[in-house]
Amino acid sequence: MEYFLGLIQHPNFNTYLLRGIFLAISGLIIRQSLVICGQRWANTYHHLGTYLLLPNIALMITTVIKNDIALSLGMIGALSIVRFRNPVKSPFELVMFFALMSLGIVCGVSIQLSFLLFIFVIVVIFGIKIGDIVSKKFGFNIFQYSFGDGNLLYTIEINSSEPLEDIEKNKSLIHFFLDKEKKTYSYRLVFKNRKNLIDFEKQVRSDPKITNVRVDMQS
């Protein structure tokens with residue numbers, strides 16, 4: 001109890017508390033921004049906990065080791081052993097982890113710089129989403145969707161007895177396979193949302209060339 005009271009009475013306690021709250025809120029906002037922009041891989045318990053804890057962990061580590069060279073070297077060795085062992089689904093997810101750690105490290109030096117970094121990350125996340133919406137109105141895409149993005153997508157697989165030229169020209173086409181022995185043409189297309197997938201499926205359903213259609217809404 002005395003130790004706890006001493007900790008609260010520490011001259012820098014309010015400063016650390018303020019920075020910890022700021023970092024937790026920043027991590028939460030970044031995570032929610034990703035979810036709002038359609039990056040549903042971030043909408044899990046594990047990512048929520050990571051985005052809340054990682055910036056504060058980085059802050060605590062840098063605060064403890066910044067004035068102790070021996071401890072700094074020991075911490076580097078420990079971090080090289082205890083590291084992320086789960087597979088990162090995309091470079092963007094790795095960048096987000098690095099951004100969270102950087103928020104904590106920078107906050108240990110200047111909360112103002114950490115706030116600027118936080119604002120920059122939010123602007124980039126929403127900027128890409130807004131840029132995508134605007135570009136589509138002019139008939140082009142600033143990026144393509146793929147299974148390597150670490151995001152949930154809606155896919156449809158179509159098999160046909162003859163080539164389908166309209167589908168081959170479709171920008172959503174990500175995979176094509178021709179089986180010469182069975183004379184079967186297979187197409188796989190990916191869509192960003194459920195409505196676009198269902199609308200497309202209704203358009204091609206009546207084509208007599210198509211032998212079967214497989215829709216996957218949990219890719």
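Residues numbered from 1 in each chain as written. Predicted model: local features only at pLDDT ≥ 70, side-chain atom pairs only at ≥ 80, totals over all residues. Heavy atoms only, no water.

Some thoughts on the overall build of the chain
For the chain, the count of helices and strands is eight helices and four strands. Each helix (α) and strand (β) of the chain, taken in turn from the N terminus, gives the series α-α-α-α-α-α-β-α-β-β-α-β. The proportion of buried residues among the 219 residues of the chain is 32%. For the chain, the share of sequence-separated contacts (at least 6 apart) that also reach a separation of at least 24 residues comes to 65%. On the chain, roughly 14,500 Å² of surface is accessible, and the fraction owed to carbon and sulfur atoms is 65%. (Helix = DSSP H or I, 4+ residues; strand = E, 2+ residues; numbered from the N terminus. Buried < 20%, exposed > 50% of the residue type's maximum accessible area, 1.4 Å probe, protein only. Contact = heavy atoms within 4.5 Å. Areas by Shrake-Rupley, 256 points an atom, 1.4 Å probe, with all protein chains shown as cover.)

Brief notes about the environment of D132
Topologically, D132 is positioned in helix α6 (residues 111–137). Spatially, the C-alpha atom of D132 lies 6.1 Å from that of I142, the residues being ten residues apart in sequence.

Concerning the confidence of the model for the chain
Chain-level statistics for the chain give a pLDDT mean of 80 and a share of 78% at 70 or above. Note on residues 1–8: pLDDT is under 50 here. Beyond four places in sequence and across chains, it has two contacts. (pLDDT = per-residue confidence, 0-100.)

Thoughts on unusual backbone geometry
Of note in this structure, K183 is not a glycine but carries a positive phi near 55 degrees. Residue position: K183 is located in the loop between β2 (173–179) and β3 (184–191). The class of K183 is exposed, set by a relative accessible area of 63%.

Digging into the pairing of strand β1 (residues 154–160)
Of all seven residues that make up β1, six are buried, and the element is covered over most of its length. One ladder, built from seven bridges, connects β1 with β3; its direction is antiparallel. Bridged to S160 within β3 is Y185. Across six bridges, the pairing between β1 and strand β4 (residues 210–216) is antiparallel. If you follow I156 over to β4, its bridge partner there is V215. (Pairing = 2+ DSSP bridges.)

Considering the packing of helix α5 (residues 91–109) against α6
Put simply, α5 and α6 touch, their axes get as near as 6 Å, and they point 160 degrees apart. The orientation of α5 relative to α6 falls into the category roughly antiparallel. Contacts from M96, A99, S102, L103, V106, C107 and V109 of α5 reach α6 at I111, L113, S114, L117, F118, V121 and I125. Classifying every residue of the contact of α5 with α6 by side-chain character gives twelve nonpolar, two polar and no charged. (Axes fitted to C-alpha atoms, helices over the stretch in contact; angles between N-to-C directions. Parallel < 35°, antiparallel > 145°, perpendicular 65-115°, else oblique. Nonpolar A, V, L, I, M, F, W, Y, C, P; charged D, E, K, R; others polar.)

Thoughts on the pattern of salt bridges
Using the criterion set out here, one finds four salt bridges in the structure. A salt bridge links E201 to R205, with the nearest nitrogen and oxygen atoms 2.7 Å apart. R205 sits in the exposed class, given a relative accessible area of 54%. Several salt bridges converge on common partners, so that one network encompasses E157, R188 and R214. (Salt bridge = Lys/Arg side-chain N within 4 Å of Asp/Glu carboxyl O.)

Concerning a nonpolar patch on the surface
There is a patch of nonpolar side chains on the surface, built from F120, V124, I128, I130, V134, F138, F140 and I142 and spanning about 790 Å² of accessible area. Mapped onto the elements, I130 comes out in helix α6. (Patch = residues over 30% accessible without salt bridge, like charges linked within 9 Å, V, L, I, M, F, W, Y side chains within 5 Å.)

What about the packing of aromatic side chains?
Per the stated rule, a full pass over the model turns up six aromatic pairs. On the numbers, 6.4 Å between centres and 80 degrees between planes, the contact of F22 with F118 is edge-to-face. Taken together, the positions of F22 in helix α2 (residues 13–36) and F118 in helix α6 put the pair 96 residues apart, joining distant regions of the chain. Here F22 matches F118 in class, with each residue buried. (Phe/Tyr/Trp six-rings, centres within 6.5 Å; stacked < 30°, edge-to-face > 60°.)

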